[in-house]
Amino acid sequence: MTHAPGRGLPAGRLLFGGDYNPEQWGEDVWKEDVVLMRQAGVNAATVGVFSWALLEPEEGVYDFGWLDRVVQTLHDGGVGVVLATPTASPPPWFTRRHPDAMPVGPDGVRLVHGSRDTYAVSAPAYRSASRAIAQRLAERYGDHPALLAWHVHNEYGSLDFGEHAAAAFRRWLQRRYSTLEELNRAWYTAFWSQHYTSWEDVLPPRRTQYLANPAHALDFRRFSSDEMLDAYREQRDAIRATGSSAPVTTNFMLPSWNHLEQWSWAPELDVLSLDHYLDTVGPDGEAHAAYGADLVRSWSGGGPWLLMEQSTISSTVAGRRAHKEPDRVLRNSLSYVARGSQGSLFFQWRAPAAGSEAWHGGIVPHAGAGSRSFRGFERLGRVLESLAEVAAAPQDGPLVEADVAIVWHAEGWWATETPQLPSDDLDYSAAVRGAHRVLWQEGFAVDFVAPEADLSRYRLVLVPSLFPVTDAAVAGMRRFVEGGGHLAVWPFTGYADEHLHVVPGGYPGRLRDLLGVRVEELHPLDPAERVELTGPGEPDGSTGPERPLTGLTWSEHLSSEGAEVLARYAGLDEGVDEGAGEGAGEGVAGGPAITRHAVGRGAAHYVSTFLDGPSLRTWVAGLCEQAGARRVVEGCPPLVEAVRRRGAGVDHLFVLNHSRAAVRVQGPGVDLLTGAAAADGLVVPARGCAVLRTTERDGFTVTADPAGGEATPG
Ligand code: GAL
């Protein structure tokens, strides 16, 4: 926690609003927009994200007149501006003038304009045009009183495999490896005659005949993140060179893809921001909101950040037609704020009349402001206004205190996407999400940490698979355990070094000694197979947990080298037809499945299969107990979350009731939403919220409300 971005956003209020695309409408609509924004309490509009074609209609010819009027209209209406540089969507003339600056896919097909994100990030023409427009915008608006922040680009993440990328990739590799000999060693090019004798022969991992070289593929992901970071830095520096003092951000995107290594990006941003589209709006959507928020706060060094985009009531992202009820929009927003966001911004203000996102929804829906959903946003505006004091950060320490952390690194994700791993069902993101989900269900605050981070402030650290691990990370994990920490490791962790070279001598490679186990054989499972685990001792389950634990996807032939065996593989799954050959669990039956290795003052735990949801929850809850991790509030009813956000002198305890029954909150605090003191107990209705201002850490209870029956959904 050495770096805490979050500089420069207002500390006396929470931001509310979202992407605003006035260029899609006539000026009469702009006036109505500002009236409605005031009515809803909107105080921030993100402008210009996709406006390049209007701002620079021909190369070097700029037209800022319309944007001047937009910015002034917003300012006159009391709405601040998050001003974007429009570089995520070069205009059609750019293709005509610079065909070489169009991106090329891995299959060699060059794209052209017609959608968005069509640029080759390494192309000199693209980079200089981006710097130029960023500089022009900063010169014109850099000291405008409406300016809240700079929003560079939009969701960096478009990969390019063309000639410009090839040249930049070679330069990056030369810096990383110095010599071809080193590169050949790192990439294991003795395999399949891939030995390089000239840098010119090194290409991006374009489509080839059969399987790509995994180390090559991983380095290209690393390079692409660094290259996009360079492009971001150039724009940021062009803005800063004009003297504009507004904070600079770029919006990260979760969760379906990830092309950035956010730990190294974070120090380059004044404030981190996130676009977060839930992958489900069922009860798991609440856990997902918490996941995104915990990740970005952690990237932010524990400090404040900004939720730049979330969907309004309807979303079409990634083909999912998701609908959110207004009460969910409110609870989701407070979930992000509780975890450090300086506000709640949406994509987007007004639902478009046409175009490929016509059905994505807006704060002003197609139905107009006279609608249930708009009234929901008006309520959200009032709520955020009443929570203004929450925006003030504490003098020191993180905004959210967590005893438990999850190791997260983009390289774990990328490495798990390389070809021909022992199982096609390894899913890094799902493993991390699964670990976070059970901690959320159990009511623990969670941080994410980089593999080489200082872990000493945590009691429990989870590593839900991380295929490549560096020596430095292993040393840090050992220090943590020796000092009294509990480390818990999932399968497919530490098997390889940073070049994906398998560590010889048995799995889990670099973590073998610390975990006190050795795996000689992997037994991946088919998607339909599962393995049951028994308790310690005999494999008959007699001393095992009440509900046998179940493993999916993976099992291993494991032996203990000093670790205590806590659960074993029970053997053949009953559902498997024995006549069909070796069944799930047969090869590992009776062998150790879960272990615990006492090291120094702590313990290193290992689970050699991917536990299903309920089993993982049981196991992780037990680990939390052993490690002495504290819940935010002990004993919250299911689907009720409590999150404490530390503030300047006072803290705020958010109680978000996602359940269908009212709950009763009692403790030393006053609810900012109703003004009611919680000392004698206050009722939070089904799907409702409370935000208690408090100076106390303990003394809170959240219980089912005896008078509260089932409430109607929504
Ligand atoms: C975001 C993007 C927005 C919009 C939104 C909804 O990822 O930044 O511009 O496309 O998704 O699809």
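What you see as residue numbers is a count from 1 along each chain, following the sequence as written. Totals for whole chains, interfaces and linings use every residue, but because this is a predicted model, local features are given only for residues with pLDDT of at least 70 and side-chain atom pairs only at 80 or more, for both listing and counting. Calculation of side-chain values draws on the structure's entire complement of heavy atoms; hydrogens and water are dropped beforehand.

### Here's the deal with the layout of surface pockets
Put simply, the test is: Using a grid of 1 Å spacing that covers the protein atoms alone, one calls a set of points a cavity when a 1.4 Å probe fits there but cannot get out, and a pocket when the set is open and has protein on both sides within 12 Å along at least five of seven lines; lining residues are those with an atom within 4 Å of a point. Grid points are joined across faces, edges and corners, and a volume is the space filled by probe spheres set on the points. Residue classes follow a fixed rule: Ala, Val, Leu, Ile, Met, Phe, Trp, Tyr, Cys and Pro count as nonpolar, while Asp, Glu, Lys and Arg count as charged, and any other residue, Gly among them, counts as polar.
Taken as a whole, the largest pocket encloses approximately 630 Å³ of empty space. Forming the boundary of the largest pocket are 22 residues, of which Gln 24, Phe 50, Ser 115, Arg 116 and Ser 356 lie nearest the centre. For the lining of the largest pocket, the per-class residue count stands at 10 nonpolar, 9 polar and 3 charged. Approximately 550 Å³ is the volume found for the second largest pocket. Lining of the second largest pocket is provided by 24 residues; of these, Pro 214, Pro 419, Gln 420, Leu 500 and Val 502 occupy positions nearest its centre.

### Here's the deal with the site of the ligand
Formally: Throughout this document, a residue counts as near a molecule or strand when at least one of its heavy atoms sits within 4 Å of that molecule or strand. Residues adjacent in sequence count toward polar contacts only when both atoms are side-chain atoms; beyond that, a polar contact is any pair of N or O atoms within 3.5 Å, and within protein one must be able to donate a hydrogen and the other to accept it. Accessibility throughout is a Shrake-Rupley quantity obtained with a 1.4 Å probe, and a residue counts as covered only by protein chains that appear here.
Around the ligand there are 12 residues in total, and Arg 116, Asn 154, Glu 155, Glu 309 and Glu 357 lie nearest to it. Within the contact set of the ligand, an oxygen atom lies 3.0 Å away from a side-chain nitrogen or oxygen of Asn 154. In the environment of the ligand, an oxygen atom lies 2.6 Å from a nitrogen or oxygen atom belonging to the side chain of Glu 155. Protein contact buries 95% of the 300 Å² of open area that the ligand shows by itself. Within the shell around the ligand, the residues separate by chemical class into 5 nonpolar, 2 polar and 5 charged.

### Re the sheet that holds strand β30 (residues 701–704)
For clarity, the threshold we go by: Only strands joined by at least two bridges in the DSSP assignment are considered to pair. Runs of E in the DSSP output that reach at least two residues are strands. Runs of H or I that reach at least four are helices, and both are numbered from the N terminus. The convention used is that axes are lines fitted to C-alpha atoms, helices contributing only their stretch in contact, and that angles between N-to-C directions extend from 0 to 180 degrees.
Strand order in the open sheet made by the 3 strands is β28-β26-β30, with antiparallel pairing throughout. Either end of the sheet is taken by a strand with one partner, and the two such strands are β28 (682–684) and β30. For this sheet, the mean inter-axis angle between neighbouring strands, taken without regard to orientation, is 30°. Of the pairings in the sheet, the one linking strand β26 (residues 663–666) to β30 comprises 4 bridges and is antiparallel in character. Paired with Arg 664 across the strands is Thr 703, a residue of β30.

### What to know about unusual backbone geometry
Formally: Each residue is assigned to one of three classes by its accessible area relative to the maximum for its type, calculated with a 1.4 Å probe on protein chains only: buried under 20%, partly exposed between the two thresholds, exposed over 50%.
The peptide bond linking Phe 347 to Gln 348 adopts the cis configuration, its omega dihedral lying at 20°. By the element assignment, Gln 348 lies in the loop between β11 (341–346) and α12 (372–386). The peptide bond linking Tyr 507 to Pro 508 adopts the cis configuration, its omega dihedral lying at -5°. Phi at Glu 155 is positive, roughly 45°, even though this residue is not glycine. Within the secondary structure layout, Glu 155 lies in the loop between β4 (147–151) and α6 (163–177). Exposure remark for Glu 155: the relative accessible area of 10% places this residue in the buried category.

### Focus: the domain arrangement of the chain
Many analyses report the size of an interface as the accessible area lost when the parts associate. Rule in force here: Segmentation into domains, and thus their bounds, comes from an automatic or database assignment.
Splitting the chain by domain gives domain 1 (404–627) and domain 2 (640–704). The distance between the C-alpha centroids of domain 1 and domain 2 comes to 36 Å.

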